[in-house]
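The chain contents come next:
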Amino acid sequence: MDCKDILSELEKFEEIEKLSRDPHRVSQYQAFLAVGLWKAGEEIIEAEKAYNKQWDLTRQDVQSDTQAEKRASTTEEWMRLRKAKNLYKCLEETIKSLKKMLALAENEAHTQY
């Protein structure tokens, strides 16, 4: 499973209201997202390696670190790193939201009985 797989899976869960009615399914989805979070973390590590190599190459051609940073931030390596970090944050926030959803569902269940 790579980052694209995780994103395509996220798109399948557009109807979050239906998901919230089934706490078991929410928990399963949380576990799936946790694995996705781990994969996104791995992707960040790999993207950082590639970006750092690109930055080093760029630094040799310019006079300052600032110039190297500006030039390196226009590369595919930088874009890959940005996307991986964005995916990680998205997965993190989704997991947090699902935890809140489960807590609310549990609270509602207790108040109904």
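Attention here is on the structure that accompanies the text. (Residues numbered from 1 in each chain as written. Predicted model: local features only at pLDDT ≥ 70, side-chain atom pairs only at ≥ 80, totals over all residues. Heavy atoms only, no water.)

Looking at the packing of helix α3 (residues 23-61) against helix α4 (residues 65-72)
Which entries qualify depends on this criterion: Between N-to-C directions, angles span 0 to 180 degrees; the directions come from axes that are lines fitted to C-alpha atoms, helices contributing only their stretch in contact. Secondary structure elements are taken from DSSP: a helix is a run of H or I of four residues or more, a strand is a run of E of two residues or more, and numbering for both begins at the N terminus. Each angle gets one of four labels, with under 35 degrees taken as roughly parallel, over 145 as roughly antiparallel, 65 to 115 as roughly perpendicular, and the rest as oblique. We call a crossing left-handed when the near helix sits turned anticlockwise from the far one by less than a right angle, and right-handed when that turn is clockwise. Throughout, a residue-residue contact means that at least one pair of heavy atoms, one from each residue, lies within 4.5 Å. For this scheme, ten residues count as nonpolar: Ala, Val, Leu, Ile, Met, Phe, Trp, Tyr, Cys and Pro. Four count as charged, namely Asp, Glu, Lys and Arg, and the remainder, Gly too, count as polar.
Remark: α3 packs on α4, axes separated minimally by 8 Å, with the N-to-C direction vectors making an angle of 125 degrees. When the interaxial angle is binned, α3 and α4 end up oblique. Seen along the crossing, α3 lies across α4 with a hand that is right-handed. For the pair formed by α3 and α4, the contact residues are Tyr51, Trp55, Thr58, Arg59 and Asp61 on the first element and Asp65, Ala68, Glu69, Arg71 and Ala72 on the second. Tallied by class, residues from the contact of α3 with α4 come to 4 nonpolar, 1 polar and 5 charged.

Observations concerning the pattern of salt bridges
For the record, the criterion: Salt bridge, as used here, is a side-chain nitrogen of Lys or Arg placed within 4 Å of a carboxyl oxygen of Asp or Glu. A simple rule labels every residue: compare its accessible area, found with a 1.4 Å probe on the protein chains alone, to the largest value its type can have, and call it buried under 20%, exposed over 50%, or partly exposed in between.
The final tally for this structure, using the stated rule, is 5 salt bridges. One salt bridge connects Glu43 with Arg80, and the closest N-O pair in it is separated by 2.8 Å. Taken together, the residues span a long stretch of sequence, with Glu43 in helix α3 and Arg80 in helix α5 (residues 76-112) at a distance of 37 residues. A relative accessible area of 35% places Arg80 in the partly exposed class. As a salt-bridge pair, Asp65 and Arg59 come within 2.6 Å of each other at their nearest N and O atoms. Exposure remark for Arg59: the relative accessible area of 27% places this residue in the partly exposed category. Where salt bridges share partners, they join Lys89, Glu93 and Lys96 into one cluster.

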